[in-house]
There are 2 protein chains.
Amino acid sequence: MSQNEFQSQEVVSSLEQGLARDGFRLTRARHVVLTAMVELGHPFSTGELEQAVARVDGSVGRASVYRTLALMESRGLVEKLHRSGQEHYTLCLKAEHHHHVTCVQCGRTREFALKDNIDLLSTVDGLARGLGYLPRSHVLEVYGVCPACQKLAGPHA
Amino acid sequence: MSQNEFQSQEVVSSLEQGLARDGFRLTRARHVVLTAMVELGHPFSTGELEQAVARVDGSVGRASVYRTLALMESRGLVEKLHRSGQEHYTLCLKAEHHHHVTCVQCGRTREFALKDNIDLLSTVDGLARGLGYLPRSHVLEVYGVCPACQKLAGPHA
DNA sequence: CAACAATTGATACGGGGTATCAATAGAGGG
DNA sequence: CCCTCTATTGATACCCCGTATCAATTGTTG
Ligand SMILES: [Mn+2]
Ligand SMILES: [Mn+2]
Ligand SMILES: [Zn+2]
Ligand SMILES: [Zn+2]
């Protein structure tokens, strides 16, 4: 846990440096919200984020939570996950276009790029072209059981 | 347009018959909401649906719009589209698991099943397995320019 | 037509997100 | 270190969407 906290600080200040580099101020509220995001680890709903922020520092206003969330989203560092039902967000480490595999049991999300699988990339575009469409973009999200949760469940799955 | 209206009536009563078959009552409110859905044609937000319903029959209550929408969604005849930003819905013709190609210009949506392209289907699952996941489900939505809009735009695209 | 339950529309309510705005606190220069 | 200037903040009020409630209505079945 101490090791984890150390890494978290790293990630937070890395994100902050990015903001500072682009002329955004390094403020207490932003620091708290970023910390909450990183410590959540899992994809989070806005409600969960609000709670986490309040836990870290109850004096941060609700509006600032949404402002920081929007700021991060506009910079491509936070993405909406299209889970069924409520909308969820997740921190993004890689900046380029990518997708997510989400574990249906523990909720942990992992990023992957189609570049790693050129077949699929060209197939998705080819599929659109096959229907006469000029492909522009796509959304792909995969749900399953992650390796860790498979081990926990034992040989019956 | 007269031809279109005729087809619309067909679709609406087909949907209604499905409801009746399962013991749901054939009510005025439902008829109006279904008519609005069908006549919208495009994927629609809840707000657009409310407006369309009001246009068809202003006496239908707001609650019934959402009730009918939920009913249709529970029966798999309406699906949420994961467009960026606001949530949109679209009528579904095919009942099995399928995906959507949406035109970024005219907004028209077309359904397709991965069965038509076994490569992609197995690749998506294979991709999850390649990351150690036990695949369960996925969401794939493609955006592009539809054939009709390509023609309208002319040779410069 | 009667009887009964499903469904409806009106109403009021709740949660989530935002516009507003005076107060605060970064950042940068003297 | 202080001063200035402006980005940013927290509080408040507000709005919008969706839903719970409930008496009134309307389908359905016989
Ligand atoms: Mn991501
Ligand atoms: Mn569909
Ligand atoms: Zn897991
Ligand atoms: Zn089009």
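This text gives an overview of the structure that appears in the document.

Cut-off values and rules
- Residues numbered from 1 in each chain as written.
- Chains lettered and ligands numbered in written order.
- Predicted model: local features only at pLDDT ≥ 70, side-chain atom pairs only at ≥ 80, totals over all residues.
- Heavy atoms only, no water.
- Salt bridge = Lys/Arg side-chain N within 4 Å of Asp/Glu carboxyl O.
- Helix = DSSP H or I, 4+ residues; strand = E, 2+ residues; numbered from the N terminus.
- Buried < 20%, exposed > 50% of the residue type's maximum accessible area, 1.4 Å probe, protein only.
- Axes fitted to C-alpha atoms, helices over the stretch in contact; angles between N-to-C directions.
- Parallel < 35°, antiparallel > 145°, perpendicular 65-115°, else oblique.
- Left-handed = near helix turned anticlockwise from the far one by under 90°.
- Contact = heavy atoms within 4.5 Å.
- Nonpolar A, V, L, I, M, F, W, Y, C, P; charged D, E, K, R; others polar.
- Donors = N, O, S within 2.8 Å, 3.2 Å for Na, K, Ca; no water.
- Tetrahedral: all angles 85-135°; square planar, octahedral: opposite > 155°, others 65-115°.
- Buried area = accessible area lost by both parts, 1.4 Å probe.
- Polar contact = N/O pair within 3.5 Å; in protein donor to acceptor, adjacent residues only side chain to side chain.
- Near = heavy atom within 4 Å.

Section: the pattern of salt bridges
Residues and elements named next belong to chain B. Here the structure, examined in full by the defined rule, presents 6 salt bridges over all chains. A salt bridge links Asp22 to Arg75; the shortest N-O distance between them is 2.2 Å. Here Asp22, found in the loop between helix H1 (2-21) and helix H2 (28-40), pairs with Arg75, found in the loop between helix H4 (62-74) and strand E1 (78-81); they are 53 residues apart in sequence, far enough to count as distant. Residue classification places Asp22 among the partly exposed positions, given a relative accessible area of 49%. Two residues, Asp57 and Arg28, come together in a salt bridge whose shortest N-O distance is 2.9 Å. With Asp57 in the loop between helix H3 (46-56) and H4 and Arg28 in helix H2, the pair connects residues that are 29 residues apart, well separated along the chain.

Examining the packing of helix H3 (residues 46-56) of chain A against helix H4 (residues 62-74) of chain A
Residue and element names in this part refer to chain A. Running from amino to carboxyl end, H3 crosses H4 at an angle of 120°, the nearest separation of the two axes being 10 Å. As far as their axial angle goes, H4 and H3 are oblique. Like other packed secondary-structure pairs, H3 and H4 cross with a definite hand, here right-handed. Counting all contacts with H3, which are made through Thr46, Leu49, Glu50 and Val53, the residues of H4 involved are Arg62, Val65, Tyr66 and Leu69. Partitioned by chemical class, the residues of the contact of H3 with H4 number 5 nonpolar, 1 polar and 2 charged.

Quick look at the coordination of the zinc ion (ligand 4)
Residue and element names in this part refer to chain B. Those donors, Cys103 (SG), Cys106 (SG), Cys146 (SG) and Cys149 (SG), are the protein atoms that reach the zinc ion (ligand 4), and they lie 2.2 to 2.4 Å from it. Metal-centred angles of 104 to 116° between the 4 donor atoms at the zinc ion (ligand 4) mark the site as tetrahedral. Read in sequence order, the donor residues coordinating the zinc ion (ligand 4) give the pattern C-x2-C-x39-C-x2-C. Here Cys103 is found in strand E3 (residues 99-103), whereas its partner Cys149 is found in helix H6 (residues 147-153), with 46 residues between them in sequence. The burial state of Cys103 is the same as that of Cys149; both residues are buried.

Topic: the interface of chain A and chain B
Contacts between the two partners involve 37 residues from chain A, matched on the other side by 37 residues from chain B. Buried area between chain A and chain B, summed over both chains or domains, comes out near 3,300 Å², and the portion from carbon and sulfur atoms is 66%. When residues of chain A are sorted by the area they lose upon contact with chain B, Leu127, Leu131 and Tyr133 of chain A head the list and together hold 19% of the total. Along the contact surface separating chain A from chain B lie 10 residue pairs in polar contact (both at pLDDT 80 or more).

Let's talk about the protein's contact with DNA strand D
In the vicinity of DNA strand D, 15 residues are found, and the nearest of them are Ser64 and Arg67 of chain A together with Thr46, Arg62 and Tyr66 of chain B. Between DNA strand D and Ser59 of chain A, the relevant distance is 3.4 Å, taken from a phosphate oxygen to a main-chain nitrogen or oxygen of the residue. One of the side-chain N or O atoms of Arg67 of chain A is found 2.7 Å from a base nitrogen in DNA strand D. Only helix H2 (28-40) and H4 of chain A together with H4 of chain B provide two or more residues apiece to the surface near DNA strand D.

A short note on the coordination of the manganese ion (ligand 1)
Residue and element names in this part refer to chain A. Around the manganese ion (ligand 1), the protein contributes the donor atoms Cys92 (SG), His98 (NE2), His100 (NE2) and Glu111 (OE), at 2.1 to 2.7 Å from the metal centre. Between the donor residues of the manganese ion (ligand 1), the gaps in sequence give the motif C-x5-H-x1-H-x10-E. Comparing His98 with His100, the two get one shared label, buried.

Brief notes about the protein's contact with DNA strand C
Taken together, 15 residues form the shell around DNA strand C, and within it Thr46, Arg62 and Tyr66 of chain A together with Ser64 and Arg67 of chain B come nearest. By atom count, sugar and phosphate contribute 60% of the portion of DNA strand C lying within 4 Å of the protein. In the environment of DNA strand C, a base nitrogen lies 2.6 Å from a nitrogen or oxygen atom belonging to the side chain of Arg62 of chain A. At 3.1 Å, a side-chain N or O of Thr27 of chain B approaches a phosphate oxygen of DNA strand C. At the level of elements, H4 of chain A together with H2 and H4 of chain B are the ones that each hand at least two residues to the surface near DNA strand C. Per-class residue counts for the surface near DNA strand C are 5 nonpolar, 5 polar and 5 charged.

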